[in-house]
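# Geometric and topological summary
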Amino acid sequence: MSADPLFTRLAPVLNVSDLAAEREFYEKLGLPVIYEGEEYPDFIAFGTDTIHFGIQQASSDNDPPSVLTWQIAVSDIDAAADRCRAAGLQYELEVNEPTPTWKYRRLLLQTPSGYRLALEGESE
């Protein structure tokens, strides 16, 4: 697959109903805030070397569960589960086996604004 040099990364922004609760949720997962400023007081960005996304205060109600499953790949699903437990975040463990040679696990969480978040582990 060839990459178009014009596009450098995906940086989605989620509209959320409770900015402070969402920030606390992602910080509990261990995602660092990379932008928060007076220029955009209702916007917070999180990021690592490979993940960039923002949250902003929604201007109206939306229906997050029907609009989006927010999926973030993790290098170690057991470590992600440990982090969720330590942070007091509720999750469901989902085991997927699409073929006899392909199996992976996901942690399913719900964010404070109602988004479905899937932390997906590598193939096992």
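Provided above is the structure to which this section pertains.
Reading guide: rules and limits
- Residues numbered from 1 in each chain as written.
- Predicted model: local features only at pLDDT ≥ 70, side-chain atom pairs only at ≥ 80, totals over all residues.
- Heavy atoms only, no water.
- Helix = DSSP H or I, 4+ residues; strand = E, 2+ residues; numbered from the N terminus.
- Buried < 20%, exposed > 50% of the residue type's maximum accessible area, 1.4 Å probe, protein only.
- Contact = heavy atoms within 4.5 Å.
- Areas by Shrake-Rupley, 256 points an atom, 1.4 Å probe, with all protein chains shown as cover.
- Lys, Arg positive; Asp, Glu negative; His and termini not counted.
- Charge placed at Lys NZ, Arg CZ, Asp CG, Glu CD.
- Phe/Tyr/Trp six-rings, centres within 6.5 Å; stacked < 30°, edge-to-face > 60°.
- Salt bridge = Lys/Arg side-chain N within 4 Å of Asp/Glu carboxyl O.
- Pairing = 2+ DSSP bridges.
- Axes fitted to C-alpha atoms, helices over the stretch in contact; angles between N-to-C directions.

### Things to note about the overall build of the protein
Across its full length, the protein carries three helices and eight strands. Per-residue burial over the protein gives 37% buried out of 124 residues. Taking the intrachain contacts of the protein between residues at least 6 apart in sequence as the baseline, contacts between residues at least 24 apart amount to 50%. Of the accessible surface of the protein, which amounts to about 8,100 Å², a share of 50% is contributed by carbon and sulfur atoms. For the protein, the distance from the average position of its 9 positive side-chain charges to the average position of its 21 negative side-chain charges is 6 Å.

### Section: the packing of aromatic side chains
Applying the stated criterion to the full structure yields seven aromatic pairs. Taking the centre distance of 5.1 Å and the plane angle of 85° together, the rings of Phe25 and Tyr26 count as edge-to-face. Per residue, the accessibility class of Phe25 equals that of Tyr26, and both read buried. Ring centres of Tyr26 and Phe53 lie 5.0 Å apart, and the angle between their planes is 65°; on these two criteria the pair is classed as edge-to-face. Highlighted residues: Tyr26 in helix α1 (residues 19–29) and Phe53 in strand β4 (residues 52–57), separated in sequence by 27 residues. Comparing Tyr26 with Phe53 shows no difference in burial state: the two are buried.

### Quick word on the pattern of salt bridges
In total, this model carries seven salt bridges according to the counting rule given. A salt bridge links Arg23 to Glu27, with the nearest nitrogen and oxygen atoms 3.1 Å apart. Separated by four residues within a single helix, Arg23 and Glu27 lie in helix α1, roughly one turn from each other. Among the residues examined, Glu27 registers a relative accessible area of 38% and is labelled partly exposed. In this structure, a network of salt bridges that share partners links the residues Arg23, Glu27 and Glu36.

### Some remarks on the sheet that holds strand β6 (residues 92–99)
Strand order in the open sheet formed by four strands is β5-β8-β7-β6, with mixed pairing between adjacent strands. The strands lining the two open edges of the sheet, one partner per strand, are β5 (69–73) and β6. Across this sheet, the average inter-strand angle for adjacent strands is 30°, counted without regard to direction. Note: β6 against strand β7 (residues 102–110), six bridges, orientation antiparallel. Bridge pairing in β7 links Thr99 to Trp102. Packing of α1 onto the sheet brings it into contact with β5, β7 and β8 (116–120), and relative to β8 it is tilted by some 10°. Contacting β7 and β8, helix α3 (residues 77–87) runs over the sheet at an angle of about 15° to β7.

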